[in-house]
Amino acid sequence: MKRKDREKRDLSRPLIGTVKVFFFSAFLLLFLKDFAWQALVLAVAVPTMIHLGTAFLPRLFPADKLLLSLVNFLCALGVLVLYATNPAYAYQQATYYGVGLVAMVVCIYLVRLIPSWGAVCYLLMPVSLALLALPLVIGKETYGAKNWFYIGSLSVQPSEIVKLSLLIILSYAMSRRKFFTWLMFAVGCLGLLMLQKDLGTALLYYGVTLLMYYASSSNLLLTGVGMLGGAGAAVMGYKMFAHVKKRVAIWRNPWVDYDNAGYQIIQSLMAIASGGLFGMGLGLGTPRTIPVYHTDFIFAVICEQFGVVFGLCVLLMYVAIIWRGATIAMAARRSFHGLLAMGCTLMIGLQTFVIIGGVIKLIPLTGVTMPFVSYGGTSLVSSLCLAGLLQGVASLNEDDLNEDTRLAMADETGEEQT
Amino acid sequence: MPEDVYEVLSLGMRYWFILLGVLIVWRAFGWLRKDRREKHRRLRQLPDAGMIGELVVLVGSDELPEGTVIPVPREGVLGFLRTCDVVVPVPGVQDHHLDFSFRNGQGLLIQPWRGCTCQVDADEMDHHSKPRRYPMHHGSRLFVGDAVLRLRVFAGLDVQRHVAYMEDDAPDIPETQEHQGQQPSAVPEKWLGPDPQRVRQIGYPPERWGNQPEAWQPYQQDAPYAAPAEERTSPQPGWSTQPEAWQMYQQGAPYAAPAEERTSTQPGWNAQPEAWQMYQQGASYAAPAEERTSTQPGWNAQPEAWQPYQQGAPYTAPAEEHASTWTHRDATAEAWSQDPPAETDDGQEDDWFDGDVNGEFDYAAPRVRRRRRSRDET
């Protein structure tokens, strides 16, 4: 086929088609295991949701189909892995997936329709800080961190919601050079997270803030000072908090305390190793022996079931999302939108690095979720909101480029511009 | 299904899943590569994508010679550093000198950084100036450090409302045709001072209104601001040689260059000495008859217009030509009746701008032509 013909071909259909075939065949296989009708429903429902998410949404606005395809693949992969390990989680996750898609559309429209974010930001600041302070008052300590609170049977992790407002506020304040506004807000958030002992999320917030500051100002000196400050804070945290010392010790040698503190990471490494290159097979293996297999260690489960090669494919999908996000950020016409897209990309990228790095013992383990895949309503909805903000900026970029093309064409053909 | 059968099926299917996984990644990266190529192709076609206009260097330095055209994005920072969006390597320009952002209907809003100053036309400003962000329009001159830059806004962008503002979300002020060019009229019977809301919208210091209450009433109706006599300290050259013009200017007349400054590069003066004499006395340039070989279409449709044109009347397009690509005209009804510069009309370079540092113009050339010019010169 000639190169021009290849370039004209729409690449979205084969990709989305492959994604749908993957999940249809995977759920069909799980249906054959015990003939549970729920698996058959999911075999139809998940590809339908993917179709709605990737083929229908772009009819409403100029959406980035590649980003949509990859994000939907990862979300559906989470549902699939959860169904293979514990179906009860999968049904909830599928519900959150649907809610998340709606939230994503809302975020896209917010980015497209709100012309000035000043008032929104000043409203978000106190609300976000209050929300982040709530677990300290009415929260419950889980795995050493007091970062959850409960409304009836519903558990909420406010740091996942505040993540979105942090990005919006930082983008707005940095684009307007309101140094103290974003600094005070970021320091407030970090302080509250430290009080909750939620160090993983604090690390994410800190890293994203610092990198966004560099992206907005190109000030290498202050960014370097910030990095040194972060390193100093990490050393202080190591000396002050016993559980940080323990995490680092486990990271260095988990076998010292293999049946207690090092149990999580050892089980994770054993699962990855037992999966080998091609995995143990979907629905086989013993993924439930890994503690918190459905949230923090879901990547280990993926590697065990599908193999390291597939795990690498999942990693490459995150790389593609980050690449795409950076492209969207650099193509943005307004600094607010550019910073917002960059912030969303950094948040997704850093979170993925922190959790997968922890699972494969590259860095000390911190309790954050794997974006789009891990079980958890707040996490999945907020991740899809991040994707929605990215999509919103991408659609505005596309509008701007179309407008430029239209103006140039009108000039060339001598048509009237309206 | 029996467990051993399922195990065999699942072990076989894992290769299928890996194949699909690899295929998805392969297609995703293929898509990224294709989009990258597509983006480069579109940017080659639209090198001005994302730009709202150009800054033309009127006074620069060795590193930034006169005549250089710098593309201006919608938002960014102007400064000395290479990391800035608009790099001005001229003495006196700070590393990060000022922020700028374009808003439809308001123009290119600029705000100097702390400790930096600049001047737009005759208005000096610093970080604490009111309004905080000052609008530049098509043709405005920016004095930053030792550099002088002139803004040219691309066609198709709305820069009609010349209104400064103080707040981000200042209400839009509708501008109607009857308000434009309105002259000061009667003094109000009792001067109560300016309306604070209107002052807030316009961003002009209220204390200055006290000097000229008669200007306040029309100004409230959106007429342009006319500075009082004591504020008319123009950096224009030539005042010293024509004190009578200075006096008129102080009374509100526009600036007219003295005769010795009128060294035009226009051809045709030799053929029409009487026009040269009129030009020296302040009339606008009119090409001689033998130069009037226009490439304009439409003469065939209106032969009666050709004769007065040859005798010096401006070209008036017939009605069917009124679908102009000059969007500036679409937006300003009164500009439509005016004639465009002849150089831009026949598809040549719009060199009407060059050398005319102090001249007034309100024509924005079509985007395509501007793009070519920018690409050639930068």
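If you're wondering where the values come from, they're calculated on a predicted model, not measured in any experiment. (Residues numbered from 1 in each chain as written. Chains lettered and ligands numbered in written order. Predicted model: local features only at pLDDT ≥ 70, side-chain atom pairs only at ≥ 80, totals over all residues. Heavy atoms only, no water.)

## Description of the sheet that holds strand E7 (residues 117–120) of chain B
Residue and element names in this part refer to chain B. In plain terms, the rule: Here the rule is simple: two strands pair whenever DSSP picks up at least two bridges between them. For helices the rule is a DSSP run of H or I covering at least 4 residues; for strands it is a run of E covering at least 2, with both sets numbered from the N terminus onward. All axes here are fitted lines through C-alpha atoms, helices being fitted over the stretch that makes contact, and every angle between N-to-C directions spans 0 to 180 degrees.
With respect to topology, 6 strands assemble into an open sheet ordered E2-E1-E11-E10-E7-E8, the strand pairing being antiparallel. Strands at the two margins of the open sheet, each flanked by one partner only, are strand E2 (69–73) and strand E8 (123–126). Neighbour to neighbour, the strand axes of the sheet diverge by 30° on average, direction disregarded. Sheet analysis places E7 next to E8, joined by 4 bridges and oriented antiparallel.

## A few points about the interface of chain B and chain A
Basically, it comes down to this: Two residues form a contact once any of their heavy atoms are found within 4.5 Å. Summed over both partners, the accessible area (1.4 Å probe) lost when two parts come together is defined as the buried area. Throughout this description, the term salt bridge denotes a Lys or Arg side-chain nitrogen within 4 Å of a carboxyl oxygen of Asp or Glu.
Taken residue by residue, the interface counts 54 residues in chain B and 67 residues in chain A. Around 5,200 Å² of area is buried between chain B and chain A when both sides are counted, 67% of it from carbon and sulfur atoms. If you sort the residues of chain B by the area they bury against chain A, Tyr6, Phe17 and Trp31 of chain B come out on top, with a joint share of 14%. Seen at the junction of chain B and chain A, the total is 1 salt bridge. Across the salt bridge formed by Arg324 of chain A and Asp35 of chain B, the nearest N and O atoms sit 2.4 Å from each other.

## What about the pairing of strand E3 (residues 75–79) of chain B?
All names here are of chain B. The test is simple: Think of it in three bands: with a 1.4 Å probe and only protein chains considered, a residue is buried below 20% of the maximum accessible area for its type, exposed above 50%, and partly exposed in between.
The element E3 is largely enclosed, with a buried count of 4 among its 5 residues. Two strands pair when backbone bridges link them, and E3 and strand E5 (residues 98–103) are joined in this way by 4 bridges, in the antiparallel orientation. In the sheet register, Gly76 faces E5, and the bridge partner there is Phe100. Across 2 bridges, the pairing between E3 and strand E4 (residues 86–87) is parallel. Residue pairing for E4: Leu78 is matched across the bridge by Val86.

## Focus on the pattern of salt bridges
All names here are of chain A. Scanning all chains against the criterion turns up 8 salt bridges over all chains. Across the pair Lys163 and Glu160 runs a salt bridge, and its minimum N-O distance is 2.8 Å. Separated by 3 residues within a single helix, Lys163 and Glu160 lie in helix H7 (residues 158–175), roughly one turn from each other. Across the pair, exposure class does not vary: Lys163 and Glu160 are buried alike. Arg334 is the partner of Asp400 in a salt bridge, and the nearest nitrogen-oxygen pair spans 3.2 Å. Placement of the pair is Asp400 in helix H16 (residues 377–413) and Arg334 in the loop between helix H14 (308–331) and helix H15 (335–359), with a sequence separation of 66 residues. Residue Asp400 is classed as buried on the basis of its relative accessible area, which comes to 15%. By relative accessible area, which is 25% here, Arg334 ends up partly exposed.

## Concerning a nonpolar patch on the surface
Residue and element names in this part refer to chain A. What counts here: Patch membership requires more than 30% relative accessible area and the absence of a salt bridge. Residues of like charge join within 9 Å; the nonpolar side chains Val, Leu, Ile, Met, Phe, Trp and Tyr join within 5 Å. Here the open area of atoms and residues is found with the Shrake-Rupley method and a 1.4 Å probe, where only the protein chains shown may cover a residue.
Together, Phe179, Phe180, Met184, Leu221, Leu222 and Val225 give the surface a local cluster of nonpolar side chains, amounting to about 640 Å² of exposed area. Elements with a minimum of two residues in the nonpolar patch: helix H8 (179–196) and helix H10 (220–240). Relative to the elements of secondary structure, Phe180 occurs in helix H8. Using a relative accessible area of 61% as the deciding quantity, one classes Phe180 as exposed.

## Some words on the nonpolar core
Cut-off, in case you're wondering: The definition of a nonpolar core used throughout is a set of buried Ala, Val, Leu, Ile, Met, Phe, Trp, Tyr and Cys residues joined through side-chain atoms within 4.5 Å.
Phe23 and Leu77 of chain A are the most contacted members of the largest nonpolar core, which has 136 residues in total. Considering every element that reaches this core, the biggest residue donor is helix H4 (residues 65–85) of chain A, with 16 residues. Ignoring anything within four residues of it in the chain, the contact list for Phe23 of chain A reads Val46, Ile50, Phe73, Ala76, Leu77 and Leu80 of chain A. In terms of nonpolar packing, the next biggest core, distinct from the first, is built from 26 residues, Leu55, Leu98, Phe102 and Ala147 of chain B among them.

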